[in-house]
Amino acid sequence: MSKLSQTESGKAWEFGLANKFADVFRCSLNFDAPYEKAQKSYDILPQLEKNRMDCAAGEAAIFILTHDSRLNNVSGISIQPDRTGKEGDVRDLIIFTNNGEVGISAKHRHNALKHSRLSNKIDFGSSWYGVPCSKSYWNIVRPIFSDLSERKDKKQKWNELKDKNNDYYQPILNAFVDEVKTYGNISKMMKYLLGVYDYYKIVKENGIVSFQSFNLYGGNEWGSKLAFPTEIQTFYIDSNRSGCAVMTTDKGWQVSFRIHNAESRIVPSLKFDVQLIGNPNKLSRHEIHYI
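In this numbering scheme, every chain counts its residues from 1 along its sequence in written order. The model is predicted, so local features are restricted to residues of pLDDT at least 70 and side-chain atom pairs to those at 80 or more, both for listing and for counting; the totals for chains, interfaces and linings are taken over all residues. Only hydrogens and water are set aside when side-chain values are computed; all heavy atoms of the structure are taken into account.

Here we look at the pattern of salt bridges
For this analysis, a salt bridge means a side-chain nitrogen from Lys or Arg found within 4 Å of a carboxyl oxygen belonging to Asp or Glu. In this structure the tally under the stated criterion is 11 salt bridges. Residue D82 pairs with K11 through a salt bridge whose shortest N-O separation is 2.5 Å. Taken together, the positions of D82 in the loop between β2 (74-79) and β3 (93-97) and K11 in helix α1 (residues 6-25) put the pair 71 residues apart, joining distant regions of the chain. For D82, a relative accessible area of 45% puts it in the partly exposed group. Only protein chains enter the accessibility calculation, which uses a 1.4 Å probe; a residue is then buried when its area is under 20% of its type maximum, exposed when over 50%, and partly exposed in between. Note on K11: relative accessible area 8%, which makes it buried. Only DSSP runs of H or I reaching four residues or more are called helices, and only runs of E reaching two or more are called strands; each is numbered from the N terminus.

Here it is, written out as structure tokens:
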């Protein structure tokens, strides 16, 4: 049996949570295409991993039920389609209650915020915070992506390049950092990264399931309300990590942007691994050992 990809493991975790929540909350599930996709990933897990996932999901269901009274009256649960993340909705599961929606961000052995891409066609400014990227940004990145497009046509691989970091990663990352700095108020950008709705983030690790309350708009019953940042304090290239920039903001948030190639063959785009590496002290957390 082949090892599941990170995406497949994440989908399996969504399925495990959705089904255990339905059992504990005594409600129906939405058996649609996203549910079927998640089920396929769950079904190919070894039985031992299924048992561990079910156990972790059970602990998660009990914890959240005892800390958010809205879950005493649940009408249904739905797994979100992947496209919602592109619109700033980071919730993977929606729990429908008599008192509104409860959102869940399900993470399996990782804590990434986004996996967005940059290319010669992707206007990240428009999609992230509604301001088109500048001409100076495009003047820098388009020749680089054009070069990558030519290498793709030649069927070259990334490991054939002499210095992909200095020739490709760094100039594109520098252009990205400079572009973000020009926008001033970054609240829209952070809403895109952190989410446009309140949610509970549930992360499954080996033996531990952890909870964080992203009570960004005041809707979560468990967890202190958090303040969105508005200003960049520092935004610099991390000399200790290839292709990585770190942004520190007011209100206690810190985000890393690591740019990398997601495929072995060259394609004319690069992928971000966006991680929340610092958060306000008010962000509520809880951990449970499930095995």
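Structure's up, so let's keep going.
Brief notes about helix α5 (residues 135-153)
Every helix has an expected span of 1.5 Å times one less than the residues it contains. Its 19 residues place the ends of α5 27 Å apart at the C-alpha level, agreeing with the 27 Å of an ideal helix rising 1.5 Å per residue. For α5, the principal kink sits at V141 and spans about 25°; a proline, P143, occurs within the next four residues. Every buried residue of α5 is listed here: Y137, W138, V141, I144, F145 and L148. Working rule for contacts: check all heavy atoms of both residues, and any pair within 4.5 Å makes them a contact. Check the buried side of α5 and you find it contacts β6 (117-119), α4 (124-129), α6 (164-181) and β12 (269-278). Once α5 ends, the next one or two residues include K155, with phi positive near 60°. Bend is the name given here to the angle between axes fitted to two runs of seven residues, the run ending at a residue and the run starting at it.

Some remarks on helix α7 (residues 187-194)
The element α7 is largely enclosed, with a buried count of six among its eight residues. Buried residues of α7: S187, M189, M190, Y192, L193 and L194, and no others.

Focus on the sheet that holds strand β4 (residues 100-108)
One open sheet holds the seven strands; their spatial order is β1-β2-β3-β4-β7-β8-β13, and the pairing between them is mixed. Since the sheet does not close on itself, it has two edges, and those belong to β1 (28-29) and β13 (285-289), each with one partner. Any two strands are treated as partners once DSSP identifies two or more bridges connecting them. Pairing between strand β8 (residues 208-214) and β13: five bridges, direction antiparallel. Residue Q212 lies in a different strand from β13, and its bridge partner there is R285. The axes are straight lines fitted to the C-alpha atoms, using for helices just the contacting stretch, and the angles between their N-to-C directions are given from 0 to 180°. Across the face of the sheet, α1 comes into contact with β1, β2, β3, β4, β7 (199-204) and β8 while running at roughly 140° to β4.

Remarks on a positive patch on the surface
Only residues whose relative accessible area exceeds 30% and that form no salt bridge enter a patch; like-charged residues are grouped when within 9 Å of one another, and nonpolar side chains (Val, Leu, Ile, Met, Phe, Trp, Tyr) when within 5 Å. Note on areas: these come from Shrake-Rupley sampling with a 1.4 Å probe, and a residue is covered only by the protein chains present in the view. The positive count covers Lys and Arg only, the negative count covers Asp and Glu only, and His and the chain ends enter neither. Charge positions are represented by NZ for Lys, CZ for Arg, CG for Asp and CD for Glu. Residues K152, K155, K157 and R265 make up a contiguous surface patch of positive charge. When you line up the elements, K157 lands in the loop between α5 and α6.

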